[in-house]
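The chain contents come next:
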Amino acid sequence: MDKTLIITIVAAVVVAAAAAVIGFILGGIHRKKVAEKAIGDATEEAKRIVSNALTAAEAKKREVLIEAKDEIHRERTENEKEIKERRAEVQRSERRLIQKEESLDKKLDALEKKENAITKRQQEADARLKEVDALKKSQFDLLEKISGFTKEQAKDYMLKQLEGDLDHEKAVRILEYKQRTKDEADTIAKEIIGNAIQRCAADHVAEATVSIVDLPNDEMKGRIIGREGRNIRTLENITGVDLIIDDTPEAITVSSFDPIRREVARLTIEKLIADGRIHPARIEEMYEKAKREVDVSIKQAGERAVIEAGVNGINGELVKLLGRLKYRTSYGQNVLNHSLEVSYLAGLMASEIGADVKLAKRAGLLHDIGKALDHEMEGTHIALGVEYARKYKEKEEVIHAIEAHHGDVEAKTIVAVLVQAADAVSAARPGARRENLQNYIKRLEQLEEISKSFDGVERTFAIQAGREVRIMVRPEAVSDDKMVILARDIAKKIEDELEYPGQIKVHIIRESRAFDFAK
């Protein structure tokens, strides 16, 4: 049984193996057929795709060829059109060139004709000029024969006539310009200055460089001199003044160029006389008291001046310098009073023309501030005034007015011009100043000498304290027309060479007299 089973199993295995082999063979055949069919289908699809691609490529090729042909045609058309336009432009340029050439030819022909005509006219003009020269020479010869003048004499005569006409014309023009200037400016300026002067009232006291101290008796002179002169030497050394004790009864003269020193010395002597004890130690004590009193007086004078002028905000040191001007004089005119008057006048004129009144009054009050320093420091009062005004932070307009009030620099502001005018008015009005007799006489002599230096002047007279110079001229040397020019030239030379306050009138007198005798 076991063998049968084994055989059966073997047989089954063999049958299964055979079935498997058969099945594998049959499956391979089937797969081959399926694969062959798939390959056939793929081949057909590839052929179809290639065919479609060839067809599309052929169509694209035809389309591109058509577009290229169209583009070539369009460009050809445009090129032909451009060529035609350029040919037309060239033709037009050729026509213009031909026209220009024709025009140039015509112009050349015309120029040749003109040159020929000009040459002909020039020849005719040369011929006529020769005729004119000959005729002119014959006429000159005839004129010289008739008139009795040579050519040079006739020329001199004509030049003199022309010079006279020119002098007359110059004189007329000068008078016209002067009159016009006066009509337009002088009247207004005089009215403004006149109103300002009329509204300003200020007193001036002339002060000398000496002070007189009255003594109760002549015995006091000896006490002031002291034993072997020790008291007077101490006084002079401490105060820095000169004491003059002469035959003047009951008086001592105090002399000094510095008015403040002179005032301190005067007060010191008065205090010594009142005290009665006069010796070196007491002199020093009284000197210190007098000095303090003068310092207080200076400060009060400066403060009073600032209040009277109505000016605020001035530095305290400048106020003290203003007070020192109380003891300073210029040509006998008190400088502090002069500064106050200039302040008033500048303010009044500023109000008349609508300028800054406060600024004008401030500049007028401070314009001579340097005179408080010029006895102690080197430099002009203008330079010192500018230096100290800038040091104490004054306004630039005020500093410029100080610098320009004597014309050292050109006045560039209205305030500076007003201070110049006010300073001249205050200094030049009658009675405001006095001057040394020798200087006064010298100024009058210089005024007459300048006037005599001009041709045609016969005599000169300086009158009205040098405010006017009258000039007598020879009538045969100076005509009426030349008088105007001569007056102007003399005034200009006086301005350039002479220093004087105010203005000087140049008055020229010409007189012609004719006389005969009845027999």
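Attention in this report is confined to the structure presented alongside it. Source: prediction; values computed, not measured. (Residues numbered from 1 in each chain as written. Predicted model: local features only at pLDDT ≥ 70, side-chain atom pairs only at ≥ 80, totals over all residues. Heavy atoms only, no water.)

## Here we look at the sheet that holds strand β6 (residues 457-463)
To summarise the sheet geometry, strands pair through backbone hydrogen bonds and adopt either a parallel or an antiparallel arrangement.
Thought 1: A sheet is described by the order of its strands in space; here 3 strands give the open sequence β6-β7-β8, paired in mixed fashion. Either end of the sheet is taken by a strand with one partner, and the two such strands are β6 and β8 (505-510). In this sheet, neighbouring strand axes are inclined to one another by 20° on average, regardless of whether the strands run parallel or antiparallel.
Thought 2: Relative to strand β7 (residues 468-473), β6 runs antiparallel, the two being bridged by 6 bridges. The residue of β7 that forms the bridge with Thr 460 is Ile 471.
Thought 3: Helix α14 (residues 480-497) rests against β6, β7 and β8 of the sheet, and its axis sits at about 150° to β8. (Pairing = 2+ DSSP bridges. Helix = DSSP H or I, 4+ residues; strand = E, 2+ residues; numbered from the N terminus. Axes fitted to C-alpha atoms, helices over the stretch in contact; angles between N-to-C directions. Contact = heavy atoms within 4.5 Å.)

## A short note on the packing of aromatic side chains
Thought 1: Taken as a whole and assessed by the stated rule, the structure comprises 1 aromatic pair.
Thought 2: Pairing Tyr 388 with Tyr 392 gives two aromatic rings, centres 6.1 Å apart and planes at 45°, and the pair type is tilted.
Thought 3: Look at Tyr 388 and you get buried, because its relative accessible area is 14%. (Phe/Tyr/Trp six-rings, centres within 6.5 Å; stacked < 30°, edge-to-face > 60°. Buried < 20%, exposed > 50% of the residue type's maximum accessible area, 1.4 Å probe, protein only.)

## Notes on the packing of helix α8 (residues 335-353) against helix α9 (residues 357-366)
Thought 1: Where α8 meets α9, the axes come as close as 7 Å, and the angle between the chain directions of the two elements is 155°. Between α8 and α9, the angle is such that the two are roughly antiparallel. In the crossing of α8 with α9, the sense of the turn from one axis to the other is right-handed. In this structure, α8 uses Ser 339, Leu 340, Val 342, Ser 343, Ala 346, Gly 347, Ala 350 and Ser 351 to contact α9, whose residues at the interface are Val 357, Ala 360, Lys 361, Gly 364 and Leu 365.
Thought 2: When the residues that make up the contact of α8 with α9 are grouped by side-chain class, the tally is 7 nonpolar, 5 polar and 1 charged. (Parallel < 35°, antiparallel > 145°, perpendicular 65-115°, else oblique. Left-handed = near helix turned anticlockwise from the far one by under 90°. Nonpolar A, V, L, I, M, F, W, Y, C, P; charged D, E, K, R; others polar.)

## Some remarks on a negative patch on the surface
Thought 1: Among the surface-exposed residues, Glu 101, Glu 102, Asp 105, Asp 109, Glu 112 and Glu 115 lie close enough to one another that they form a single negatively charged patch.
Thought 2: Summarising the element assignment, Asp 109 is placed in helix α1 (residues 2-147).
Thought 3: A residue is classified by how much of its surface remains accessible, and Asp 109, at 41% relative accessible area, is partly exposed. (Patch = residues over 30% accessible without salt bridge, like charges linked within 9 Å, V, L, I, M, F, W, Y side chains within 5 Å. Areas by Shrake-Rupley, 256 points an atom, 1.4 Å probe, with all protein chains shown as cover. Salt bridge = Lys/Arg side-chain N within 4 Å of Asp/Glu carboxyl O. Lys, Arg positive; Asp, Glu negative; His and termini not counted. Charge placed at Lys NZ, Arg CZ, Asp CG, Glu CD.)

## Regarding the pattern of salt bridges
Thought 1: Overall, the coordinates contain 21 salt bridges when judged by the stated rule.
Thought 2: The shortest N-O distance in the salt bridge between Arg 74 and Glu 71 comes to 2.1 Å. Highlighted residues: Arg 74 and Glu 71, both in helix α1, separated by 3 residues, approximately one helical turn.
Thought 3: Classification of Arg 74 as partly exposed rests on a relative accessible area of 39%.
Thought 4: Owing to a relative accessible area of 32%, Glu 71 belongs among the partly exposed residues under this scheme.

## Section: the packing of α9 against helix α11 (residues 396-404)
Thought 1: Running from N to C, α9 and α11 point in directions that differ by 45°, and their axes come no closer than 9 Å. The angle between the axes of α9 and α11 places the two elements in the oblique class. The way α9 lies across α11 gives a crossing that is right-handed. When α9 is examined against α11, the residues Leu 359, Arg 362, Ala 363 and Leu 366 are found in contact with a partner set consisting of Glu 397, Val 398, Ala 401 and Ile 402.
Thought 2: Looking at the contact of α9 with α11, its residues break down into 6 nonpolar, no polar and 2 charged.

## With respect to the side chain of Glu 394
Thought 1: Mapped onto the elements, Glu 394 comes out in the loop between α10 (381-391) and α11.
Thought 2: On the basis of relative accessibility, which here comes to 8%, the residue Glu 394 falls in the buried class.
Thought 3: A polar contact of 2.9 Å, which involves the side chain of Glu 394, links it to the side chain of Arg 362.
Thought 4: Leave out the neighbours within four places in its chain, and Glu 394 touches Ile 314, Leu 318, Arg 362, Leu 366, Ala 389 and Ile 399. (Polar contact = N/O pair within 3.5 Å; in protein donor to acceptor, adjacent residues only side chain to side chain.)

## Some thoughts on helix α5 (residues 259-275)
Since there are 3.6 residues in each turn of an α-helix, residues three or four apart along the chain are aligned in direction.
Thought 1: End to end, α5 covers 24 Å across 17 residues, agreeing with the expected 24 Å (1.5 Å per residue, within 8%).
Thought 2: Among the 17 residues that make up α5, 12 are buried, leaving the element largely enclosed by the rest of the structure.
Thought 3: Listing the buried residues of α5 in full gives Pro 259, Ile 260, Arg 262, Glu 263, Val 264, Ala 265, Arg 266, Leu 267, Thr 268, Ile 269, Leu 272 and Ile 273.
Thought 4: Backbone geometry just downstream of α5 places Gly 276 in the positive-phi region, at approximately 90°. (Expected span 1.5 Å × (residues − 1).)

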